[in-house]
Amino acid sequence: MNPAHSRHQLQHMGTALASAGLIRLISEIDDHGAIPSRALARTLTDLSTAQIRQTVEQADALSLLDRSPTGLGLTEAGRDLADLYDHAARWARHHNYPHAISTFAERIRRVFALLADPTTTQPGQQDGEVDASLHHIQRLLTEWADTHHQPQPQQSAYGIAA
């Protein structure tokens with residue numbers, strides 16, 4: 001783990017990246033290419049207009065979206081996040097986590113929650129046995145954070161805290 005990111009910061013980031021709307025937006029663009037801005041509501045029918053707006057704002061804040069004449073595409077950070085989502089979903093499918101039948105977004109959300117709480121028992125884990133592939137996903141999350149996300153300075157009521 002890069003010293004620039006504490007365990008708490010990585011847990012917070014994992015929680016933010018596990019937003020159902022963000023997972024849906026990033027995976028949709030990754031699977032099907034750029035989405036014209038005016039087609040977001042038709043493409044992401046399971047999200048309300050307010051959820052779409054919030055998700056796009058979140059993705060913009062994380063520098064995940066590339067705006068072009070063809071619509072919203074993914075930046076390098078967005079493509080790397082889509083790969084991280086794919087790794088997490090594959091791990092979850094392989095372990096039937098959280099259940100044998102789960103949605104793509106639910107699998108990712110639950111794997112990120114598992115990564116955020118190291119005290120949680122992993123599926124199929126026996127007395128401290130460590131799943132190397134889950135640690136690989138943790139490492140990918142850390143690498144994504146190190147490459148694409150710089151920790152923001154702490155803000156106080158009067159500006160940046162010392």
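Residues numbered from 1 in each chain as written. Predicted model: local features only at pLDDT ≥ 70, side-chain atom pairs only at ≥ 80, totals over all residues. Heavy atoms only, no water.

A. Structural context of the overall build of the protein chain. Counting its secondary structure elements, the protein chain contains seven helices and four strands. Going residue by residue from the N terminus, the α and β elements of the protein chain occur as α-α-α-α-β-β-α-α-α-β-β. Out of the 162 residues in the protein chain, the part that is buried amounts to 37%. For the protein chain, long-range pairs separated by at least 24 residues make up 56% of all intrachain contacts whose partners lie at least 6 apart in sequence. Just so you have it, the protein chain exposes about 9,500 Å², and 51% of that area is on carbon and sulfur atoms. (Helix = DSSP H or I, 4+ residues; strand = E, 2+ residues; numbered from the N terminus. Buried < 20%, exposed > 50% of the residue type's maximum accessible area, 1.4 Å probe, protein only. Contact = heavy atoms within 4.5 Å. Areas by Shrake-Rupley, 256 points an atom, 1.4 Å probe, with all protein chains shown as cover.)

B. The pattern of salt bridges, seen in detail. Using the criterion set out here, one finds six salt bridges in the structure. The partner of Arg24 in a salt bridge is Glu28, and the shortest N-O contact between them spans 2.7 Å. Placement of the pair is Arg24 and Glu28 together in helix α2 (residues 20–32), with a separation of four residues, close to one helical turn. We classify Arg24 as partly exposed; its relative accessible area is 22%. Assessed through its relative accessible area of 16%, Glu28 is described here as buried. The partner of Asp60 in a salt bridge is Arg67, and the shortest N-O contact between them spans 2.5 Å. (Salt bridge = Lys/Arg side-chain N within 4 Å of Asp/Glu carboxyl O.)

C. Highlighting the packing of α2 against helix α6 (residues 104–116). At a minimum axis separation of 10 Å, α2 and α6 run at an interaxial angle of 125 degrees. Considering their axes alone, α2 and α6 lie oblique with respect to each other. The two elements α2 and α6 meet at a crossing, and its hand is right-handed. Between α2 and α6, the contacting residues are Ala20, Ile23 and Ser27 on the first element and Phe104, Ala105, Ile108 and Arg109 on the second. Here the contact of α2 with α6 is composed, by residue class, of five nonpolar, one polar and one charged. (Axes fitted to C-alpha atoms, helices over the stretch in contact; angles between N-to-C directions. Parallel < 35°, antiparallel > 145°, perpendicular 65-115°, else oblique. Left-handed = near helix turned anticlockwise from the far one by under 90°. Nonpolar A, V, L, I, M, F, W, Y, C, P; charged D, E, K, R; others polar.)

D. Looking closely at the nonpolar core. The biggest cluster of nonpolar side chains holds 44 residues, and the ones touching the most others in it are Leu17, Val111 and Phe112. Counting residues per element, the ones that place at least two in this core are α1 (7–17), α2, α4 (49–61), β2 (71–74), α5 (76–94), α6 and α7 (132–148). With near-sequence residues (within four places) excluded, Phe112 lies in contact with Gly14, Leu17, Ala18, Leu84, Tyr85 and Ala88. (Core = buried A, V, L, I, M, F, W, Y, C linked by side-chain atoms within 4.5 Å.)

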